Amino acid sequence: MKSAEKIIIVDGNALVHRAFHALPPTMKTKSGQMTNAVYGFVTILFKVLKELKPKYAVVTFDVAKKTFRHEQYKEYKATRKKQPDELYEQIPIVKEIVQAFNIPIFEKEGFEADDVIGTLTKKLDGNLEKFIVTGDMDTLQLVDEHTKVFTLKKGVKDTIVYDANGVKERFSGLTPAQMIDYKAIRGDASDNIPGVKGIGEKGAIELLKKYGTLENIYNNLEKIKGAIHDKLKDHKEEAYLSKKLATIVRDLPLSVTLADCVLADYERKTVIDVLQKYEFKSLLTQFQNVPQFKPQQSLFGETASVTTRHDNYHLIDSPAKIKKILSELKKQKIFALDTETDSLNFINANLVGMSVSWEIGEAYFILREYVFDLKDILENDKIKKVGHNIKYDWHVLDNFGINLQGVVFDTMVAAYLLNPGSRQNSLDKQAFSEFGHEMMTYEDLCGKGKQQIPIKDVAIDKLNYYACEDADYTWRLYKKVEKELREKKLNKLFEDIELPLVSVLKVMERNGVVIDEKFLGKMQKNLELRIKNLELRIHKIAGKEFNIASPLQLKEILFDKLKIATTDIKKIKTGLSTAAAELVKMRGEHEIIPLIEEYRELTKLQSTYVQALPKLINSKTGRVHTSFNQTITATGRLSSSEPNLQNIPIRTELGNEIRKAFVAPAKYKILTADYSQIELRIIASMANDKKMLASFKKDEDIHSRTASEIHDVPIEKVTKELRRAAKSINFGIIYGMGAYGLSQDAGISQVEAKDFIEKYFSIHKDIKEFIERTKEEARKNGYVSTLFGRVRYIPEINSGVFQVQKAAERMAVNMPIQGTAADIMKMAMIEIQKQIDAKKINAKMVLQVHDELVFEVEDKQAVSEGAKIKKIMANIYKLNCPIDVHINIGDNWEEAK
């Protein structure tokens, strides 16, 4: 049997209302037009188009007039407040976007959108899977074998699909057909449907589970005793009226066929234009992943959304042409460049060619054999260069024997500073969100999967377009974002910190770090044994063998076989979750839980580091070269990848063992320089907290001091347990930790944790005021910033959804502290590398992880070089208290901790 095609029937009004209240009112165009409801609606539309890939679609709306239900019951929806005009003003915009997709809109005067939906689900029948996309639960009565409800749990991104079983699970065994009778009894306050006064959800469910329908309940009224009998008897008229009001009409005179609802081809440019019109940059980026229902053909015959003809994209493939381009380049004060290579690995990448641009819409692709002719220009620091992720191009040209100089702009870093909450900083994403232009992708260029060909084998005219387009849009982006940085006063942060850091990270990446392969080999054998023993113990407790790494199999063992309590355990699409956070909730419930947690930790570290690190040793250099990313985290912290060194556990035995594999070469030592409690020193300074500042100035142990103050005991009488709890709260306040989080982290009861927090803030009133002031400023401005002007936008702090708002408040407090710490670290790295380049420090900077820098130093000079590094780090910026730096030296990273 042919699988059913899918149709989405979208409840426009319900989604618009839900989005309006879920998303912050600060989402506006430059002209002041509020767009939060539009954003939410389009986000959901994109989600269903991507996830469900329907063949058909319709959108329904209410008509802004009274309906037949108001005639039946004058008080229908009478208690519902009129929504602000800002909501209704957004409905035409939503319709404009729907029409740009060529999706038909249905509405019927005198009826509600639910009635239109009910009619469509009945009329559009056959071998069809129907999804009602809505923001409320009213349409659950329409769920059947062929119809499901795709609705929102919270916000606009957390969704759930209800089929018949889902309805039964949500309503304790009631069927979709019983939803009408359920509403008839329980009523609906939002629609002012009266129901039977005094009978709530539980009572309605119990009655319907026993008697099936409203009619059968009243047929058996004399068998029902007590107060329930009286309530049913007294409110019979309201119950039957409520059933009428709650019943969705399914036979409206709508003229519609499936052919009317086909997701026809739409002009992508039309959608792009509308999204740009209302300044939806992030939606433009999301739109790239929305399927096109009728793919277009490129000039070369492959499916693609781009053309490869451009009269001003020039191929430089002869001595005469390179001579001409050299002449032109020498006249330029600044130009954009981009390299094409055969690998993403910056150490191994071979140059295929390089493109340049200095005028919008015009670019040149220089084949590999002529790139070296540009050496003098590329190494001339008076001719300025722009790139997108130019650190990579820098590496590639280094491999080719060219030492790139005069780098003054990185458009990827600039885009990140302007929108740090987004990770959509690649050139193609930026070209799309800023200019509505869809660039040729690497898959367009080389194919995908087994059909992918090496870049060197790509047809030259196609490669020319691809390469020139990169340089062209890098130049376009530069002209745009350079101006925006100045307008938003982010240019100083960019020029003083982020841009100089690019070259520092390039040096660090190139330096790499030595890995002890033999040590990891021994570690692997020990781990295999430990993991095998854990498997045997877990299987014995479970009473059977199963795949511990399988969430589905683990769920069966924990909840079905071992009957571990499921209270507060999160539910996901496949049922109860066994994620790490859920296992934490189960601690103490069963002896198997800590074994599973240990198994997961060991297997993760085994695969991520113990097995992976030896494979990452570069054959050319004999070292591991991680990539440092400065455009990932919203706070400004650096991250690393391949390998990710941020995730090696700091406090665990195994994490420490892995650090032993990072070693110094012969006659060298590993030196670590670690900012001590930098974030606490920053919050003390920003809040001007007298007590904490005084403690830091006396060089006291801040955690012991906190424990002493809270428990009113002399500092010398503070126990390890008290210090540990104090440490949890000292760091917890930075992350907005509440009583539950503190109790978990410090190993104390929630009551103790609550008292602990209250006492803490009674002592540190300045910190409490700083936290409240920061949240208030974030609510007012929609963003927070570091001491150096780094910004993070947090519009969701004004969300109507409590959980979203609270999460945003925690971000608002954390970002200025963690972001300032990141800025200080970056400033120190820049200055240290400057001193290394000037031969004033004899060391190699090889790693940066959180608040720590790792160096290779000659063993005889380790102490003296460490003192120089410490001095720079401690004095790079003056807080209201001293900045402390710990220097440690050893043969490996762990020894130097």
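Residues numbered from 1 in each chain as written. Predicted model: local features only at pLDDT ≥ 70, side-chain atom pairs only at ≥ 80, totals over all residues. Heavy atoms only, no water.

Peer 1: How would you summarise the overall build of the protein if you had to cite specific residues and measurements?
Peer 2: Secondary structure summary: the protein contains 38 helices and 24 strands in total. By the compact-globule yardstick of 29 Å for 897 residues, the protein fits well, its C-alpha radius of gyration being 32 Å. Referenced to the eigenvectors of the C-alpha coordinate spread, the extents of the protein come out at roughly 100 × 80 × 55 Å. Per-residue burial for the protein yields a buried fraction of 53% across its 897 residues. Sequence-distant contacts in the protein: of pairs separated by 6 or more residues, those separated by 24 or more amount to 68%. For the protein, the distance from the average site of its 137 positive side-chain charges to the average site of its 126 negative ones is 2 Å. (Helix = DSSP H or I, 4+ residues; strand = E, 2+ residues; numbered from the N terminus. Rg over C-alpha atoms; globule rule 2.2 N^0.38 Å. Buried < 20%, exposed > 50% of the residue type's maximum accessible area, 1.4 Å probe, protein only. Contact = heavy atoms within 4.5 Å. Lys, Arg positive; Asp, Glu negative; His and termini not counted. Charge placed at Lys NZ, Arg CZ, Asp CG, Glu CD.)

Peer 1: Explain the pairing of strand β12 (residues 407-410) to me, and be specific about the residues and the numbers.
Peer 2: Across 3 bridges, strand β11 (residues 384-387) lies against β12 in parallel orientation. If you follow lysine 385 over to β12, its bridge partner there is valine 407. The parallel pair β11 and β12, bridged by helix α18 (residues 390-399), forms a crossover whose chirality is right-handed. (Pairing = 2+ DSSP bridges. Right-handed = clockwise from strand over helix to strand, strands pointing away.)

Peer 1: Break down the pairing of strand β19 (residues 668-675) for me, citing the residues and quoting the values.
Peer 2: As paired strands, β19 and strand β23 (residues 852-858) are joined by 7 bridges and run antiparallel to one another. Across the sheet, threonine 672 pairs through a bridge with valine 854, a residue of β23. Inspection of the sheet shows β19 paired to strand β24 (residues 885-890) by 6 bridges, in the antiparallel sense. When the bridges of β24 are listed, alanine 673 appears paired with isoleucine 887.

Peer 1: Go over helix α35 (residues 750-763) with me, naming the residues and quoting the values.
Peer 2: An ideal rise of 1.5 Å per residue puts 20 Å on 14 residues; α35 measures up with 20 Å between its terminal C-alpha atoms. Burial in α35 covers these residues: Ala753, Phe756, Ile757, Tyr760, Phe761 and Ile763. The buried side chains of α35 occupy one side of the element, clustering within an arc of 155° when seen end-on. Summarising the contacts, the buried residues of α35 are in contact with α31 (690-697), α32 (702-711), α33 (720-732), α34 (739-746) and α36 (765-781). (Expected span 1.5 Å × (residues − 1). Arc of directions from axis to C-beta.)

Peer 1: Give me the confidence of the model for the protein: which residues, what numbers.
Peer 2: Considering every residue of the protein, the mean pLDDT works out to 90; 98% of them sit at 70 or more. Contacts of residues 295-306 to residues separated by more than four positions or lying in other chains number 24 contacts, the stretch itself having pLDDT below 50. (pLDDT = per-residue confidence, 0-100.)

Peer 1: Requested: an account of the pattern of salt bridges, with residues and values cited.
Peer 2: Pairs may arise between side chains of opposite charge once their charged atoms sit close together. Applying the stated criterion across every chain, the model contains 53 salt bridges. Glutamate 653 is paired through a salt bridge with arginine 530; the nearest N and O atoms lie 3.7 Å apart. Of this pair, glutamate 653 sits in helix α29 (residues 653-659) while arginine 530 sits in helix α24 (residues 517-542); the two residues are 123 residues apart in sequence, bridging distant segments of the chain. According to the relative accessible area criterion, arginine 530 is partly exposed, its value standing at 31%. Taken together, the shared-partner salt bridges in this structure form one network comprising Lys768, Glu772, Lys775, Glu776, Arg779, Lys806 and Glu809. (Salt bridge = Lys/Arg side-chain N within 4 Å of Asp/Glu carboxyl O.)

Peer 1: Tell me about the environment of serine 799, and please be specific about residues and values.
Peer 2: Assignment of secondary structure puts serine 799 in the loop between β21 (791-793) and α37 (802-837). Judged by its relative accessible area of 2%, serine 799 falls in the buried class. Serine 799 sits 779 residues away from phenylalanine 20 along the chain, and the two C-alpha atoms are 9.3 Å apart.

Peer 1: Give me the sheet that holds β12: which residues, what numbers.
Peer 2: Across the sheet, which stays open at both edges, the 6 strands sit in the order β7-β10-β9-β8-β11-β12 with mixed pairing between neighbours. Of all strands in the sheet, those bounded by a partner on one side alone are β7 (313-316) and β12. Taking the axes of each pair of neighbouring strands and ignoring which way they run, one obtains an average angle of 25° across the sheet. α18 rests against β8 (334-341), β9 (351-359), β11 and β12 of the sheet, and its axis sits at about 65° to β8. (Axes fitted to C-alpha atoms, helices over the stretch in contact; angles between N-to-C directions.)

Peer 1: I'd like a rundown of α34, residues and numbers included.
Peer 2: Of all the residues in α34, the buried ones are Leu742, Ser743 and Ala746. Here the buried residues of α34 occupy an arc of 100° about the axis, which is enough to place them on one side. On its buried face, α34 sits against α33 and α35.

Peer 1: Can you break down the sheet that holds β24 residue by residue, with the values?
Peer 2: The pairing of strands in a sheet comes from backbone hydrogen bonds and takes either a parallel or an antiparallel form. Taking strand neighbours across the sheet as the criterion, the 4 strands line up as β22-β23-β19-β24 in an open arrangement whose pairing is antiparallel. Strands at the two margins of the open sheet, each flanked by one partner only, are β22 (844-849) and β24. The average angle at which neighbouring strand axes cross in this sheet is 20°, direction not considered.

Peer 1: Can you explain the packing of α33 against α34? Please cite residues and give values.
Peer 2: Interhelical geometry of α33 versus α34 gives an angle of 140° and a closest axis separation of 9 Å. By the angle class used here, α33 and α34 are oblique. Regarding α33 and α34, the two cross each other, and that crossing is right-handed. Between α33, through Arg724, Ala725, Ser728 and Ile729, and α34, the contact on the second element is made entirely by Leu742, Asp745 and Ala746. Among the residues making up the contact of α33 with α34, the classes are represented as 4 nonpolar, 1 polar and 2 charged. (Parallel < 35°, antiparallel > 145°, perpendicular 65-115°, else oblique. Left-handed = near helix turned anticlockwise from the far one by under 90°. Nonpolar A, V, L, I, M, F, W, Y, C, P; charged D, E, K, R; others polar.)

Peer 1: Pulling in residues and values, what's your account of the nonpolar core?
Peer 2: Among the nonpolar cores identified, the biggest contains 109 residues, and Leu558, Ile592, Phe662, Met829, Ile832, Phe855 and Met873 are the most heavily contacted of them. Top element by residues in this core is α37. It accounts for 10 residues. If sequence neighbours within four positions are ignored, leucine 558 has contacts with Lys563, Ile564, Thr578, Leu583, Met586, Ile592, Ile593 and Ile596. Counting residues in hydrophobic clusters, the runner-up holds 74 residues, among them Tyr313, Phe346, Ala363 and Tyr473. (Core = buried A, V, L, I, M, F, W, Y, C linked by side-chain atoms within 4.5 Å.)

Peer 1: Account for the side chain of serine 704, with residues named and values stated.
Peer 2: In this fold, serine 704 is placed in helix α32. For serine 704, a relative accessible area of 12% corresponds to the buried category. Every residue in contact with serine 704, bar those within four places of it in the chain, is listed here: Ile715, Val718 and Arg723.

Peer 1: Give a description of the side chain of threonine 43 that names residues and reports values.
Peer 2: Here threonine 43 lies in helix α2 (residues 36-52). Taking the relative accessible area as the measure of exposure, threonine 43 reaches 7% and is therefore buried. Among residues more than four places away in sequence, those in contact with threonine 43 are Lys157, Leu283 and Gln286.

Peer 1: Lay out the packing of aromatic side chains with the relevant residues and their values.
Peer 2: The relation between two aromatic rings is expressed through the spacing of the ring centres and the mutual angle of the planes. This model, assessed by the stated rule, comprises 21 aromatic pairs. Measuring from ring centre to ring centre gives 5.2 Å for tryptophan 475 and tyrosine 478, while their planes differ by 45°; the resulting arrangement is tilted. Here tyrosine 478 and tryptophan 475 lie together in helix α22 (residues 460-487), a separation of 3 residues that amounts to about one turn. Judged by its relative accessible area of 13%, tyrosine 478 falls in the buried class. (Phe/Tyr/Trp six-rings, centres within 6.5 Å; stacked < 30°, edge-to-face > 60°.)

Peer 1: Quick one: what's the story with the environment of lysine 236, residue by residue and with numbers?
Peer 2: By secondary structure assignment, the location of lysine 236 is in helix α12 (residues 236-246). On the accessibility criterion, lysine 236 (41% relative accessible area) is partly exposed. As for lysine 236 and valine 458, which are separated by 222 residues in sequence, their C-alpha atoms are 77 Å apart.

Peer 1: How would you summarise the environment of threonine 774 if you had to cite specific residues and measurements?
Peer 2: Mapped onto the fold, threonine 774 is located in helix α36. On the accessibility criterion, threonine 774 (6% relative accessible area) is buried. Between the alpha carbons of threonine 774 and alanine 812 there is a distance of 6.8 Å; along the sequence they are 38 residues apart. If sequence neighbours within four positions are ignored, threonine 774 has contacts with Val784, Ala812, Val813 and Pro816.

Peer 1: Lay out unusual backbone geometry with the relevant residues and their values.
Peer 2: Cis rather than trans, the peptide bond between glutamate 642 and proline 643 has omega equal to 0°. Relative to the assigned elements, proline 643 resides in the loop between β17 (639-641) and α29. Positioned with a positive phi, lysine 839 is a non-glycine residue whose angle comes to about 65°. Relative to the helices and strands, lysine 839 resides in the loop between α37 and β22. Taking relative accessible area as the criterion, lysine 839 reaches 75% and is therefore assigned exposed.

Peer 1: Please provide a residue-by-residue account of the state of the cysteines, values included.
Peer 2: Considering all chains together, one arrives at 0 disulfides under this definition. Left without a disulfide partner, cysteine 446 is nearest to the cysteine sulfur of cysteine 468, which lies 16 Å away. (Disulfide = S-S within 2.5 Å.)

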